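In case you want the letters, here they are:
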Amino acid sequence: MRPFAARSTAWYFLRNIPAAQRDARTALKLGNLRARELTLLSAPFQGEEARTISRTGMKLVGPSDPVYYDLWLNLAQTYWYQGDFTNYVKELEAVLAWQRAEGSRYTDTTFMLLGPGYENLGNLQRAEEIYKETGQGDSLVRLYLHQERWPEARAALS
């Protein structure tokens, strides 16, 4: 890692968020970062600033770099942390569409993250479909229990 990127990560894990943010901003200004470093630089930030850092990283590495996917997931997560499930689901659906267009066989993680997003949006039918398709039994049982669908919850347990 470059010195400021490395120190930003260290500050972040030491819970000194202002110092982590300062060094992350410096690292971004100086540039010449490795792709993997870019995934950590948004950690001490929230909201739009974190999304800007992720978008910047995505532009720097380009869609052919495996880190591009990680940065996009980081971007989506910022919406989750803000309770903005509409944009969270929108980003994940875009990631999934991109993955499918690229012929990626590794869509499971993205697809699994969509279930809770749809559940928080109140689209329980879509969440249920995703939980069934991805084999998320615990989430499916919880969904049924919250809807008082006892027989289906019992069946999902077996």
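Residues numbered from 1 in each chain as written. Predicted model: local features only at pLDDT ≥ 70, side-chain atom pairs only at ≥ 80, totals over all residues. Heavy atoms only, no water.

Novice: Can you help me understand the environment of H146 in this one?
Specialist: Mapped onto the elements of the fold, H146 is located in helix 9 (residues 137-146). The exposed category is assigned to H146, whose relative accessible area is 63%. Residues H146 and L73, 73 residues apart in the sequence, show an inter-C-alpha distance of 28 Å. (Helix = DSSP H or I, 4+ residues; strand = E, 2+ residues; numbered from the N terminus. Buried < 20%, exposed > 50% of the residue type's maximum accessible area, 1.4 Å probe, protein only.)

Novice: Explain the packing of helix 6 (residues 85-101) against helix 7 (residues 108-121) to me, please; I cannot follow it from the model alone.
Specialist: When two helices pack together, their arrangement is given by the angle between their axes and by how far apart the axes lie. For the pair helix 6 and helix 7, interaxial distance at closest approach is 9 Å and the crossing angle is 155°. With respect to helix 7, the element helix 6 is oriented roughly antiparallel. Relative to helix 7, the crossing made by helix 6 is left-handed. In this structure, helix 6 contributes F85, T86, Y88, V89, L92, E93, V95, L96, Q99 and R100 to the contact, and helix 7 contributes T110, F111, L113, L114, G117, Y118, N120 and L121. Of the residues contributing to the contact of helix 6 with helix 7, the split by class is eleven nonpolar, five polar and two charged. (Axes fitted to C-alpha atoms, helices over the stretch in contact; angles between N-to-C directions. Parallel < 35°, antiparallel > 145°, perpendicular 65-115°, else oblique. Left-handed = near helix turned anticlockwise from the far one by under 90°. Contact = heavy atoms within 4.5 Å. Nonpolar A, V, L, I, M, F, W, Y, C, P; charged D, E, K, R; others polar.)

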